[in-house]
Amino acid sequence: MSKFRKKHAAPGCTECDHFENDPARLESIFKGMTILCSAYASVRGDSGICRYDERFRMPRTACEHFIPKE
Amino acid sequence: MANDVKAKSPFLVTEDWWAVYLGLGIVVVALLFYLLGGTLKPLAVSPPKWQSFDTVIQHFRTQTPWYLLQLILWAVVFTVSTSIMGLKASQYLPGFIIIFIASALILVLGQWQVAHDHNLEPPILALIIGLIIGNLFKMPQWFETSLRTEYYIKTGIVLLGATLPFTLIIYAGPIAFLQATIVSLVTFLTIFLVGTKLFGLEKPFASVLGAGGAVCGVSGSIAVGAATRAKKEHISIGICVVALWALVMIFFLTFFVKATGMHEGIAGAWIGTSEFADAAGFAAAASVGGDKAIHAYTLMKVIGRDIWIGIWAFVLSLISVIYWEKKSAASADRVQAKVIWGRFPKFVVGFFLASVVMSITASIAGQDVFDASLKPLVIGPVKTLRTWTFIFTFLSIGLTTRFREIFQFGWKPLIVFTIGVAINVPLGYFLSTVVFKSYWLSL
């Protein structure tokens, strides 16, 4: 993504306070994940948990429940 | 830490890319040493087969400095790379030193003639010892940091690429793809339809279970779970059910293959369609025996199943938005074709590159030079280092498995997944031993 597009891009899940996609935290939330997988893998990518609706998701453009990260 | 990780390039924060750098790095260094008239062979040391313990004592009396050097090199590359990924080096390093020492002891034990006679090969030994210790004792947090099953197995798979001729990938790859696709589609549809129609599971939940059984185990569940916006608890259940069955299948497949005396190539192909996770399948394939089982397994699992996870995630994401949530695909910005590459298991790039590099080198050198020097001085050490990564992997699987944590699911998802297994395993067996038998026999 160009610097211009990055600067003017709409906020998304990754900037939202509800969104949790830190790999270490995901591995502690999903017990058993490290047995045969990893949160540091390409297949997980930047997916994470939305704490608002408690669903696992790929990040997208912010929804109406967006709260900026502090 | 979250912000640090987010700010870094994906080429630095995923273990897939680090496995590529590390695996290809080892292959290139092995070739450079060879071209300069040397070899990595002394460094790639491992315990010899033994009947008398004197053999072991004598071996370590002369080889201990090489073990220490190997430990230092593994420790440096793994600690630096995991530290860049975001793990604490102060936690990872001491844990890895323990893993290396434990792996050396397991290799010694596994090379004992008595262990060999009782089918206790190093992979199974590492797994069993890990399971016993992991379930009897509570592991300290700093030690858990070093149990990176996926990182170790991905590094091993890249190293495996160097020992797998590219011509073999071209020859058997399409057959592996065809067989794996048949099994994957049937398994996914079985789990999905049984789950949604008979047991009333939510469609995203049934997809998480289906992808776990059909594509690439827990990784498949994670990728498809994110694509279909599955509930957090459904991802947790999917992880546990798939991991449980993957562990069961390691022992079942190994026992069945050995009990029936199945041909190695056929066994590898069957394990490739029947196992649910890369690392678990390698434990079974490596326990079966020689290279043919490992090669057939790799072709089936990596080329036949793993590399298509991005496509599965993309298609299920589309279906989820258009049919399950009744939205238009155009208005749903989460359906993006870039997910196909985004979820692609990047370590496969290293696997292919390692195979191409070594195949070209072998072709230039000619068959005589390959057999006389390239094989013992380059391929041999790479294979030994691969064995070490596999033992790190199997030990990590055992040590991270807590049965009391896994049994956190209801009966419904377990029964649904079990029905999928009941279809998957016989179908894979039929295709491997009857329909495509000649291909796997000729590997």
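Up top is the structure these notes are about.
Residues numbered from 1 in each chain as written. Chains lettered and ligands numbered in written order. Predicted model: local features only at pLDDT ≥ 70, side-chain atom pairs only at ≥ 80, totals over all residues.

**Student:** Help me understand the interface of chain B and chain A in this model?
**Tutor:** Interfaces are often sized by the accessible area lost when the parts come together. Facing the 51 residues of chain B at the interface are 28 residues of chain A. In terms of residue count, helix α11 (residues 203-227) of chain B provides more of the side of chain B that touches chain A than any other element does, eight residues in total. Looking at the side of chain B that touches chain A residue by residue, the classes come out as 27 nonpolar, eleven polar and 13 charged. (Contact = placed C-beta atoms within 7 Å. Helix = DSSP H or I, 4+ residues; strand = E, 2+ residues; numbered from the N terminus. Nonpolar A, V, L, I, M, F, W, Y, C, P; charged D, E, K, R; others polar.)

**Student:** Looking at this structure, how should I read helix α5 (residues 89-110) of chain B?
**Tutor:** Every α-helix carries 3.6 residues per turn, so stepping three or four residues along brings you back to the same face. Residues and elements named next belong to chain B. Here α5 spans 30 Å end to end across 22 residues, near enough to the 32 Å set by a 1.5 Å rise per residue. Turning to α5, its buried residues number three or more, namely Tyr 92, Gly 95, Phe 96, Ile 99, Phe 100, Ser 103 and Ile 106. End-on, the buried residues of α5 take up no more than an arc of 150°, which puts them together on one face. Seen from the buried face of α5, the exposed residues on the opposite side, beyond 90 degrees, are Ser 90 and Ile 101. Close packing links the buried residues of α5 with α4 (53-85), α7 (122-136), α8 (141-144) and α19 (367-400). (Expected span 1.5 Å × (residues − 1). Buried ≥ 20, exposed ≤ 12 C-beta atoms within 10 Å, placed from the backbone. Arc of directions from axis to C-beta.)

**Student:** Would you mind showing me how to read the sheet that holds strand β1 (residues 19-20) of chain A here?
**Tutor:** Across a sheet, paired strands are connected by hydrogen bonds in the backbone, their directions being either parallel or antiparallel. Ordered by their spatial adjacency, three strands build an open sheet running β1-β2-β3 (chain A), and the pairing between neighbours is antiparallel. Each of the sheet's edge strands pairs with one partner strand only, and the pair in question is β1 and β3 (55-57) of chain A. (Pairing = 2+ DSSP bridges.)

**Student:** Teacher, can you tell me more about the packing of helix α10 (residues 166-198) of chain B against helix α21 (residues 411-435) of chain B here?
**Tutor:** Packed helices, taken two at a time, are described by the angle between their axes plus the distance between the axes. Residues and elements named next belong to chain B. The contact between α10 and α21 brings their axes to 9 Å, and the two run at 160°. It follows that α10 is roughly antiparallel to α21 by the angle criterion. Two packed elements cross with a definite hand, and for α10 against α21 that hand is right-handed. Contacts between α10 and α21 involve Gln 179, Ile 182, Val 183, Val 186, Thr 187, Thr 190, Ile 191, Val 194 and Gly 195 from the first element and Val 416, Phe 417, Ile 419, Gly 420, Ile 423, Asn 424, Leu 427, Gly 428 and Leu 431 from the second. Taken together, the residues of the contact of α10 with α21 break down into eleven nonpolar, seven polar and no charged. (Axes fitted to C-alpha atoms, helices over the stretch in contact; angles between N-to-C directions. Parallel < 35°, antiparallel > 145°, perpendicular 65-115°, else oblique. Left-handed = near helix turned anticlockwise from the far one by under 90°.)

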